[in-house]
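Tertiary structure, described
Below, each chain spelled out in residue letters.
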Amino acid sequence: MRNTSLSSCGQSVSNKYHGPVNNVGRHFASSSYPLQPMCDSKESGSSVQCQCIPLVIVEGFLGRTGSRIWGDFERHLNQECYQCKRRVIFAPVGPVSSLHDRACELYYSLVGGTVDYGEEHSIAHGHSRHGRTHSQGLYPQWSLENPLHLLGHSMGGPTIVKLQYLMKQGHFGSRAHPDWIRSINTISSPFRGTQIVYTLGERVDAAPRVRPLSPGSLLSKAVHAISYLSPILPTLLDLHTESRRMSYHDISILCLLKQLWKSDWAESQDAAPFDVTFESADKREANLEGQPYPRTFYRSCATYLTEKCEEDRNLHTVHFKLLSFPLISPLSLLARAVGSFDFSTIRPVPSFLEERGLSPIDTEQDLFATDFQKTLPEEYWANDGVVPLFSQWHPASCSSTRCQHGETKSPAPGIWYVEQWDNTSHSSLVPLWVASDCQKQYWLKLGRWLRAIESQNEYNIVTSTS
Ligand SMILES: [Zn+2]
Ligand SMILES: [Zn+2]
Ligand SMILES: [Zn+2]
């Protein structure tokens, strides 16, 4: 039983999940990386020229709110700065787009120009090669000399990872380089997929097909209806679906009705829901997407609010006491579903089961009722209401990437630093600002982390606010 409240997230010590061997767990443990000189700033007359590298924020699935609800986080991000204010950029990316499409939208929103999804990709997935045009990029000077920090919440994390991978692949031409990204910072990101997508509608045996009348199916109908009416709807409902030609300018009402019956978007491999299946995550990992680049800094924040149900099983649950918090109630219910999910039903068999020697034939048997719940560690069920813990750590398994879990000493590039926050839901830290202690702590620590990275800056990069 917990003896803590949400406002003290992370303080719980009872019954708590400690993660992999090298994880020391407590997220409120004081950071011991050197707190360099806050950000350098130079007085020029009465104004202060900020030399901090700007921070780009990429929201998650359905995220479209930006600074409207993210609130007063900058005060804490810059709390230990000397009079200057790091530039923060909210990147406009498609709230329901696939990782590939979101990564392309992210790139062109920053550098400017017409979004190019790539010839091969657009032919393979049956949508237009080009999207909208950004006449003015949000950071057109983006380069080796003017790099960026990126922060992704939920699907925003793998979006950034995909962007860096595409930069490396030369998708954006020979000039774009993965080193333009100085750091990748993520909160509650489903790097390795999440079982919630199956709970909500994706078929366990035939993704990306969607079960009729499931929440996922209803969501896809809403996406079609909103896209159809998009020319007359407010920008808050802009789903960035123009490359798919779903508006009334492009299709007839009959065509819309067909899509409402069976959605080509939702049941394709080029949509956000499929990208968070284990099948899609395994494909990305097979391509070595998400392997850390040697000159970029990586830090993930993994959240969970569940605890182990019983001593001899690794399933997780959430205490119903949390249901008294209105904001977190739906996530608590989802957390219970994620915490008791039967992985043995998924086809193809996820790599994390195969790694443990469980073959498709084994999983045909009722492993769920037998040793299966002991074989698979509890991080596969511990979750924040949306994403299991293991998936939030980093892309790929700990044995096939460079990672360090627990208290951070000093940032070094090319390694995923993983921090775990217990008693914290998928939406406790962002996006809705409620000025909680954990929100303030997160932004304060992120500000320190970014400055610690900048203090190691080997390029002597100087940027300035616009
Ligand atoms: Zn600054
Ligand atoms: Zn696409
Ligand atoms: Zn790891």
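The paragraphs below set out a description of the structure included in this document. All values reported here derive from a predicted model rather than from experimental measurement.

Another aspect to go through is the environment of proline 413. Structurally, proline 413 is set in the loop between strand E12 (403-405) and strand E13 (416-422). According to the relative accessible area criterion, proline 413 is partly exposed, its value standing at 31%. The residues contacting proline 413, other than those within four sequence positions of it, are Pro294, Arg295, Thr296, Phe297 and Arg402.

Here we take up the sheet that holds strand E3 (residues 55-58). What links the strands of a sheet is backbone hydrogen bonding, and the strands pair in either a parallel or an antiparallel sense. The strand order across the open sheet built from seven strands is E4-E3-E7-E8-E9-E13-E12, with neighbouring strands paired in parallel fashion. Pairing within the sheet leaves two strands with one partner each, and these edge strands are strand E4 (88-90) and E12. Averaged over all pairs of adjacent strands, the angle between strand axes in this sheet comes to 20°, irrespective of strand direction. As paired strands, strand E9 (residues 297-304) and E13 are joined by seven bridges and run parallel to one another. Within E13, the residue paired with alanine 302 across the bridge is glutamine 420. Relative to strand E7 (residues 148-153), helix H5 (residues 156-169) is tilted by about 140°, and along the sheet it contacts E3, E7, strand E8 (181-187), E9 and E13.

The next point concerns unusual backbone geometry. For the bond from arginine 347 to proline 348, the omega torsion is -5°, close enough to zero to count as cis. Of note, proline 348 is situated in the loop between helix H11 (329-339) and helix H12 (351-354). Between valine 430 and proline 431 the backbone carries a cis peptide bond, its omega angle lying at 5°. With respect to the secondary-structure elements, proline 431 resides in the loop between E13 and helix H16 (437-455). Unusually for a residue other than glycine, asparagine 423 sits at a positive phi of about 60°. Of note, asparagine 423 is situated in the loop between E13 and H16.

The rules behind the values
Residues numbered from 1 in each chain as written. Chains lettered and ligands numbered in written order. Predicted model: local features only at pLDDT ≥ 70, side-chain atom pairs only at ≥ 80, totals over all residues. Heavy atoms only, no water. Helix = DSSP H or I, 4+ residues; strand = E, 2+ residues; numbered from the N terminus. Buried < 20%, exposed > 50% of the residue type's maximum accessible area, 1.4 Å probe, protein only. Contact = heavy atoms within 4.5 Å. Pairing = 2+ DSSP bridges. Axes fitted to C-alpha atoms, helices over the stretch in contact; angles between N-to-C directions.

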